[in-house]
Amino acid sequence: MTKEPWMFPIPLDAVIFDMDGLLLDTERLYRSAIFGACEDLGHNMHDILHLSLIGTPKEVGDAKLKAHFGDEFAIDTYHEKCRDRFRALCATSIPLRQGAGEILDWLKEFNIPRAVATSTPRALALDHLEKAGILDRVDAVVTRTDVEFGKPHPETFIKAAAAVGGRPSQCLALEDSHTGIRAATAAGMVTVMVPDLLKLTEETRCLGVSVVQDLDCLLSQLRSSVEHSERHCHL
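Quick caveat: nothing in here was measured; it's all calculated off a predicted structure.

Student: Pulling in residues and values, what's your account of the pattern of salt bridges?
Tutor: Pairing between side chains of opposite charge can happen when the charged atoms of each approach one another. One pass over the structure, following the stated rule, counts 15 salt bridges. For K131, the salt bridge identified is with D127, shortest N-O distance 3.7 Å. With K131 and D127 both in helix α6 (residues 122-131) and four residues apart, this pair spans about one turn of that helix. Its relative accessible area of 32% is what places D127 among the partly exposed residues. The residue K159 makes a salt bridge to E155 at a minimum N-O spacing of 3.4 Å. Residue K159 and its partner E155 are both found in helix α7 (residues 155-163); the two are separated by four residues, about one turn of the helix. Note on K159: relative accessible area 38%, which makes it partly exposed. By relative accessible area, which is 14% here, E155 ends up buried.

See the structure below:
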């Protein structure tokens, strides 16, 4: 299911990107770190629980972990072990998802503002974007540290739009998680899901969210949208 090019916001004020699993190909690395950390603590992580953590703020994820493993679950030790394992997996660089660099460069060429809206704390988000080599290719970064309410509340996306002077209704939001989809659509943005570990759900369909295979496909549609807009700019 994909939107036709002319269904993108016209004019397009900005594109708002999620970070992990959307720009950065990190969800499989996090999965390895999470499963390993739980094993270190004598617990077995399960796919259903792990998938429910994707895209959620830390406090929401912590509540899910304690609900599953019990109140005695050593949450601080768990996070420490997750951090250590993740850092070991990407000590020098962090991989990008296919097409991430190309779409950022194309948007920059056409002077379309680019912002990141992530549930990751600020210092960590900036470090990861720097290691991935794309920090200088975005105009603003809004993180969990910068908002009162994390996703699925729309605040992260609303602040990201404001940071680059975009009107939410004229912004394109790109997400890979169900939590992020809820946040972006609640912010009133045109939202596209680029699936990674999570798949399209009936809820996503009901929200009217478009789905594209990858960022390369999305870039192709964006190019067509801009060309279509330019051809009809006097109508």
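There is more to say after this.
Student: I'd like a rundown of the nonpolar core, residues and numbers included.
Tutor: Nonpolar side chains tend to gather and get buried jointly when the protein is soluble and globular. Core analysis: the largest hydrophobic core is formed by 38 residues, its most contacted members being F17, L23, L172, L174, L218 and L222. Elements with a contribution of two residues or more to this core: β1 (14-17), α1 (27-40), α5 (100-109), α6, β4 (171-175), β5 (190-193) and α10 (215-231). Apart from residues lying up to four places away in sequence, L172 is in contact with F8, P9, L12, A14, V15, I16, V190, V192 and L222.

Student: An account of the packing of aromatic side chains is requested, with residue identities and associated values reported.
Tutor: Summed over all chains, the structure comprises four aromatic pairs. Centroid distance F69 to F73: 4.9 Å. Interplanar angle 25°. Geometry classified as stacked. F69 gets classed as buried once you look at its relative accessible area, which sits at 17%. One aromatic cluster is present, formed by F69, F73 and Y78 through successive ring pairs. For the cation-ring pair, R31 lies above F35, with the distance from its terminal atom to the ring centre recorded as 4.0 Å.

Student: Can you tell me about the packing of helix α3 (residues 58-69) against helix α4 (residues 75-89), naming the residues and giving the values?
Tutor: At a minimum axis separation of 11 Å, α3 and α4 run at an interaxial angle of 115°. Between α3 and α4 lies a crossing of right-handed hand. Along its contact with α3, which presents K58, D62, L65 and K66, the element α4 presents I75, Y78 and H79. A per-class count over the contact of α3 with α4 returns three nonpolar, one polar and three charged.

Student: Would you mind going over the side chain of D18 in detail, with residue names and values included?
Tutor: Among the structural elements, D18 can be located in the loop between β1 and α1. Within the structure, D18 has its side chain in polar contact with the side chain of K151 (distance 3.0 Å).

Student: Mind laying out the pairing of β1, listing which residues take part and the relevant values?
Tutor: Side-chain alternation along β1 places A14 and I16 on one buried face and V15 and F17 on a second face that is also buried. Two strands pair when backbone bridges link them, and β1 and β4 are joined in this way by four bridges, in the parallel orientation. Looking across to β4, one finds that F17 is bridged to L174. Here three bridges tie β1 to strand β2 (residues 114-117), and the two strands are oriented parallel to one another.

Student: So what's going on with the environment of E102? Which residues, and what values?
Tutor: One can find E102 in helix α5. Take E102: its relative accessible area is 46%, and that puts it in the partly exposed class. Spatially, the C-alpha atom of E102 lies 8.0 Å from that of L219, the residues being 117 residues apart in sequence.

The rules behind each value
Residues numbered from 1 in each chain as written. Predicted model: local features only at pLDDT ≥ 70, side-chain atom pairs only at ≥ 80, totals over all residues. Heavy atoms only, no water. Salt bridge = Lys/Arg side-chain N within 4 Å of Asp/Glu carboxyl O. Helix = DSSP H or I, 4+ residues; strand = E, 2+ residues; numbered from the N terminus. Buried < 20%, exposed > 50% of the residue type's maximum accessible area, 1.4 Å probe, protein only. Core = buried A, V, L, I, M, F, W, Y, C linked by side-chain atoms within 4.5 Å. Contact = heavy atoms within 4.5 Å. Phe/Tyr/Trp six-rings, centres within 6.5 Å; stacked < 30°, edge-to-face > 60°. Lys NZ or Arg CZ within 6 Å of the ring centre and 35° of its normal. Axes fitted to C-alpha atoms, helices over the stretch in contact; angles between N-to-C directions. Left-handed = near helix turned anticlockwise from the far one by under 90°. Nonpolar A, V, L, I, M, F, W, Y, C, P; charged D, E, K, R; others polar. Polar contact = N/O pair within 3.5 Å; in protein donor to acceptor, adjacent residues only side chain to side chain. Pairing = 2+ DSSP bridges.

The analysis is restricted to geometry; functional conclusions fall outside its scope.
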